[in-house]
Amino acid sequence: MQKNYNVVAGFNLIAPAYDLANDAMTLGLHRLWRSSLCRTAARLAPSRGKLLDVATGTGDVILGILKVRGDLHITGVDPSEGMLQVAREKLDKKASLHASAVDVKSGDARNLPFPDNTFDVITISWGIRNVNPFQEGLREMLRVLKPGGSLVVLESGRPELKPVGAAYKFYSKLLPFVGGRISGFMPAYRYYTETVESFPAGAQFVAELFETGYVKAQYKTLGGSIVYLYTAQKPK
Ligand SMILES: C[S@@+](CC[C@H](N)C(=O)[O-])C[C@H]1O[C@@H](n2cnc3c(N)ncnc32)[C@H](O)[C@@H]1O
């Protein structure tokens, strides 16, 4: 792992190229995977409910959920001003009609700027791996969820399926070069592949969710098991 790598400074640097790099690195599949999270969150949210998107980045989860659930109030938080700036520009362009129902602000998953029991649903897409230690983020999200509220997490992980493993090894060696070329900052993409290697995935991450105090934690895999979608609930 790169020593002293500053995650937020890295995202500030790559923010303008982040969406394009994602398209190039996944051949656009990240949109499909993220829309799985959006549909799951939309299904779990009550009418006129409050949803929090942690590590909102360039705002695609907010946009994806608004497409299917215009009745929700959505708040997005992220510590990277660079990513938030891109999110605000996109929301102004693509969701100005929903402006009063969307709030985007600076915030760290380890210290969320909200009272206890505020949100019906919390989403975090390719974010939890960046939170160090991630258990602090899980605890904070549990705190601000309403009793019975749902957490939906999307994250990359080591593939569960053996045949995918070999191809993935090659792919993850290539990623830093593709991401680095497009964004002009390769360390951010080296950090990505290194953290995906070491971050708990599948049953291991589900165990962390139970350990934190969530109930009904479960997961399914997407993209041949290189992406994981987790759901869990705060006890009623
Ligand atoms: C890979 S991006 C994901 C963005 C977006 N959720 C998506 O689906 O494209 C990871 C995001 O996590 C944010 N992040 C890093 N550390 C964080 C922390 N401690 N708390 C919350 N977000 C954090 C970064 O600023 C970045 O915007």
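Residues numbered from 1 in each chain as written. Predicted model: local features only at pLDDT ≥ 70, side-chain atom pairs only at ≥ 80, totals over all residues. Heavy atoms only, no water.

Student: What is the right way to read the site of the ligand from this model?
Tutor: Among the 18 residues in the neighbourhood of the ligand, the closest are listed as Tyr 18, Arg 34, Ala 55, Asp 78 and Ser 125. Within the side chain of Tyr 18, an N or O atom sits 2.7 Å from an oxygen atom of the ligand. Within the side chain of Ser 125, an N or O atom sits 2.6 Å from an oxygen atom of the ligand. Here the shell around the ligand is built from residues that sort into 9 nonpolar, 5 polar and 4 charged. (Near = heavy atom within 4 Å. Polar contact = N/O pair within 3.5 Å; in protein donor to acceptor, adjacent residues only side chain to side chain. Nonpolar A, V, L, I, M, F, W, Y, C, P; charged D, E, K, R; others polar.)

Student: What exactly am I supposed to notice about the sheet that holds strand β4 (residues 119–125) here?
Tutor: Sheets are built from strands paired through backbone hydrogen bonds, the pairs being either parallel or antiparallel. Ordered in space as β3-β2-β1-β4-β5-β7-β6, the 7 strands form an open sheet in which the pairing is mixed. Where the open sheet ends on each side, the last strands, each with one partner, are β3 (102–106) and β6 (215–222). Direction aside, neighbouring strands of the sheet carry axes that sit 15 degrees apart on average. Relative to strand β2 (residues 73–78), strand β1 (residues 50–54) runs parallel, the two being bridged by 5 bridges. (Pairing = 2+ DSSP bridges. Helix = DSSP H or I, 4+ residues; strand = E, 2+ residues; numbered from the N terminus. Axes fitted to C-alpha atoms, helices over the stretch in contact; angles between N-to-C directions.)

Student: What is the right way to look at the nonpolar core in this model?
Tutor: General note: in soluble globular proteins, nonpolar side chains tend to be found buried as a group. Counting 42 residues, the largest nonpolar core has Ile 65 and Leu 154 as its most contacted members. Setting aside residues up to four positions removed in sequence, Ile 65 forms contacts with Cys 38, Ala 41, Leu 51, Leu 72, Ile 74 and Thr 123. Among the nonpolar cores identified, the runner-up in size contains 29 residues, and Met 141, Ala 217, Tyr 228 and Ala 232 belong to it. (Core = buried A, V, L, I, M, F, W, Y, C linked by side-chain atoms within 4.5 Å. Buried < 20%, exposed > 50% of the residue type's maximum accessible area, 1.4 Å probe, protein only. Contact = heavy atoms within 4.5 Å.)

Student: Please explain the pairing of β1 as it appears in this structure.
Tutor: Side-chain direction in a regular strand flips from residue to residue, so the side chains alternate between the two faces of the sheet. Most of β1 sits out of view: 4 of its 5 residues are buried. Running through helix α4 (residues 60–68), the crossover from β1 to the neighbouring parallel element β2 is right-handed. Here β1 pairs with β4 via 4 bridges, running parallel. Following the sheet pairing, Asp 53 is matched in β4 by Thr 123. (Right-handed = clockwise from strand over helix to strand, strands pointing away.)

Student: Is there a simple way to think about the packing of aromatic side chains in this case?
Tutor: Working definition: an aromatic ring pair is given by the centre-to-centre distance plus the angle between the planes. If you walk through the whole model with that rule in mind, you get 11 aromatic pairs. Centre to centre, the rings of Phe 134 and Phe 205 are 6.0 Å apart; their planes meet at 40 degrees, and the pair counts as tilted. Of this pair, Phe 134 sits in helix α6 (residues 134–144) while Phe 205 sits in helix α9 (residues 203–212); the two residues are 71 residues apart in sequence, bridging distant segments of the chain. Each member of the pair, Phe 134 as well as Phe 205, carries the same accessibility label: buried. (Phe/Tyr/Trp six-rings, centres within 6.5 Å; stacked < 30°, edge-to-face > 60°.)

Student: I'm lost on the side chain of Asn 22 in this one. Help?
Tutor: With respect to the secondary-structure elements, Asn 22 resides in helix α2 (residues 18–26). The buried category is assigned to Asn 22, whose relative accessible area is 9%. For Asn 22, the contacting residues outside a window of four places in its chain are Leu 27, His 30 and Arg 34.

Student: Please explain the pattern of salt bridges as it appears in this structure.
Tutor: Pairs can form between side chains of opposite charge once their charged atoms are near each other. Evaluation of the coordinates by the stated rule reveals 11 salt bridges. The salt bridge involving Asp 60 is made with Arg 34; its shortest N-O contact spans 3.8 Å. With Asp 60 in helix α4 and Arg 34 in helix α3 (residues 29–44), this residue pair connects regions lying 26 residues apart in the sequence. Of the residues examined, Asp 60 reaches a relative accessible area of 16% and is grouped as buried. Exposure remark for Arg 34: the relative accessible area of 7% places this residue in the buried category. As a salt-bridge pair, Arg 69 and Asp 71 come within 2.8 Å of each other at their nearest N and O atoms. Each of Asp 19, Arg 34, Asp 60 and Lys 90 takes part in a single network of salt bridges with overlapping partners. (Salt bridge = Lys/Arg side-chain N within 4 Å of Asp/Glu carboxyl O.)

Student: For this particular structure, what's the right way to read α3?
Tutor: One turn of an α-helix holds 3.6 residues; hence residues three or four places apart share an orientation. Under the 1.5 Å per step criterion, the end-to-end length of α3 is 23 Å for 16 residues, consistent within 8% with the ideal 22 Å. Buried within α3 are the following residues: His 30, Trp 33, Arg 34, Ser 36, Leu 37, Cys 38, Thr 40, Ala 41 and Ala 42. (Expected span 1.5 Å × (residues − 1).)

Student: It is not clear to me how the pairing of β6 should be interpreted in this structure. Could you clarify?
Tutor: Of the pairings in the sheet, the one linking β6 to strand β7 (residues 227–233) comprises 6 bridges and is antiparallel in character. Looking across to β7, one finds that Leu 222 is bridged to Val 227. The loop that links β6 with its antiparallel partner β7 comprises 4 residues; one of these, Gly 223, has a positive phi angle of about 60 degrees.

Shape descriptors only; they carry no functional weight alone.
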